[in-house]
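Residue strings, one per chain:
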Amino acid sequence: MQIETQKQLKPFNTLSLNAIASHYVQIHSPDELVEALDYAQQHALNVMILSGGSNMLLPAQINALVVHMNILGVENLSEDATTKTIRVGAGQVWHDFVLWTTEHHLFGLQNLALIPGLVGASPVQNIGAYGVEVGEFIESVQVYDRQLKTFSDIQAKDCAFSYRHSIFKDDPNRYVITHVTFKLLKKEDLKISYGDLKQAVGDELTAFNLQQQVIQIRQSKLPDPKEFPNVGSFFKNPIISQQAYDLLAEQFEKLPHYPQPNGDVKIAAGWLIDQSGWKGKQLGVVGMFAKQALVLVNYANADLNDVQSTYRAVQQDVYNKFKVLLEPEPVLFNSAGLIQSHQDR
């Protein structure tokens, strides 16, 4: 294990924000993780866990030990007539893992192709796209419990998966994810009812074609972070009551909406942002992407203040028009390496 000091994190966050970590370490095994956490305790340092950096907002200086998870590997655990269970290291690139599952005739994750980040971050946000959420295919999550100082398995039923949420968001300083165990299907079961995906897939009803169409749709709408630094969808799609939706629908007939199992209604944040005049609009060096209003882009070496000024302006304009408050998806960190609320000023 090698501790580095004054480490530049710009290459490790997809919004490409300049951020200097006072202490930094890459983790390649569970044993190294324990060693790093012990180091932080001995030196009175907060710990900030860094995965793929695709869902975080970083300040210019972070006075903490940044623990960069890079545990790799895919291990077959068991299988039966219909499913196969595999354990995957937290440091595996998510998109590469999805491609791997398709190549090995394992199904369920194809709708989640091209989502940025690493496998270890996927349960935290319960990543989802095109009608599929990763929690549907997670068997368990392997963690180091910093409170109990032990490794443990958390079963999916105990992860409290919901829309863009899990127990790992409720208690972000307790668990460090080392591996994720998936139970995947051995027979194709395509989910193509979501939006433009059904039309794109057409008559070629195969998992490979579904995956390819998801990739092409995402590439046509979402900017490459290497060209336009971004964190993907910046705001969550709001979930509102049926009554609130009915009131909005009276004024805005074309509002895209998706009924939820509990009777609530999910509405499209990108449409709200577009209708509020922010699609393709910039505030200084930060703006909402011209091809997809839901994506915030760093156009020219922005800092966290630039990002916050822009997304708060978007929030205000959407609220003024629709009386709906958009909630940012990325996690906001302070200079102590701790998560803070987006409502704090």
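Residues numbered from 1 in each chain as written. Predicted model: local features only at pLDDT ≥ 70, side-chain atom pairs only at ≥ 80, totals over all residues. Heavy atoms only, no water.

Draft legend 1. Seen up close, the overall build of the protein. Of regular secondary structure, the protein possesses nine helices and 21 strands. Whereas a compact globule of 345 residues would reach a radius of gyration of roughly 20 Å, the protein reaches 20 Å, a difference of no more than 12%. The principal-axis extents of the C-alpha atoms in the protein amount to approximately 60 × 55 × 35 Å. Expressed as a percentage of its 345 residues, the buried residues of the protein come to 50%. In the protein, the proportion of contacts linking residues at least 24 apart, taken out of those at least 6 apart, comes to 61%. Carbon and sulfur atoms provide 48% of the accessible area of the protein, an area that totals close to 16000 Å². (Helix = DSSP H or I, 4+ residues; strand = E, 2+ residues; numbered from the N terminus. Rg over C-alpha atoms; globule rule 2.2 N^0.38 Å. Buried < 20%, exposed > 50% of the residue type's maximum accessible area, 1.4 Å probe, protein only. Contact = heavy atoms within 4.5 Å. Areas by Shrake-Rupley, 256 points an atom, 1.4 Å probe, with all protein chains shown as cover.)

Draft legend 2. A look at the layout of surface pockets. Considered as a void within the structure, the second largest pocket measures approximately 820 Å³ in volume. Lining the second largest pocket are 33 residues, and of these T14, P116, D224, P225 and K226 sit closest to its centre. Looking at the lining of the second largest pocket, the elements that each hand over two or more residues are α6 (207-221) and β13 (230-233). Broken down by class, the residue content of the lining of the second largest pocket amounts to 13 nonpolar, 13 polar and seven charged. (1 Å grid on protein atoms, 1.4 Å probe; cavity = no way out; pocket = protein on both sides within 12 Å on 5 of 7 lines; lining within 4 Å. Points joined across faces, edges and corners; volume = space filled by probe spheres on them. Nonpolar A, V, L, I, M, F, W, Y, C, P; charged D, E, K, R; others polar.)

Draft legend 3. Quick peek at the side chain of Q125. On the secondary structure map, Q125 appears in helix α3 (residues 122-125). The exposure class of Q125 is buried, given its relative accessible area of 6%. Within the structure, the side chain of Q125 is placed 3.2 Å from the side chain of K169, a separation counted as a polar contact. One polar contact links the side chain of Q125 to the main-chain carbonyl oxygen of E329, over a distance of 3.5 Å. (Polar contact = N/O pair within 3.5 Å; in protein donor to acceptor, adjacent residues only side chain to side chain.)

Draft legend 4. Layout of the pattern of salt bridges. Enumeration over the complete set of coordinates arrives at ten salt bridges. Measuring nitrogen to oxygen at the nearest pair gives 2.7 Å for the salt bridge that ties E136 to K191. Placement of the pair is E136 in the loop between β9 (132-133) and β10 (138-145) and K191 in the loop between β12 (175-185) and α5 (197-201), with a sequence separation of 55 residues. For K221, the salt bridge identified is with D196, shortest N-O distance 3.0 Å. Taken together, the residues span a long stretch of sequence, with K221 in helix α6 and D196 in the loop between β12 and α5 at a distance of 25 residues. A relative accessible area of 29% means that K221 is categorised as partly exposed. For D196, a relative accessible area of 31% corresponds to the partly exposed category. (Salt bridge = Lys/Arg side-chain N within 4 Å of Asp/Glu carboxyl O.)

Draft legend 5. View of the sheet that holds strand β14 (residues 239-240). Ordered by their spatial adjacency, three strands build an open sheet running β14-β16-β15, and the pairing between neighbours is antiparallel. Looking at which strands have only one partner, the edges of the open sheet turn out to be β14 and β15 (257-259). Note that β15 and strand β16 (residues 265-267) share three bridges and pair antiparallel. Of the residues in β16, the one forming a bridge with H257 is I267. (Pairing = 2+ DSSP bridges.)

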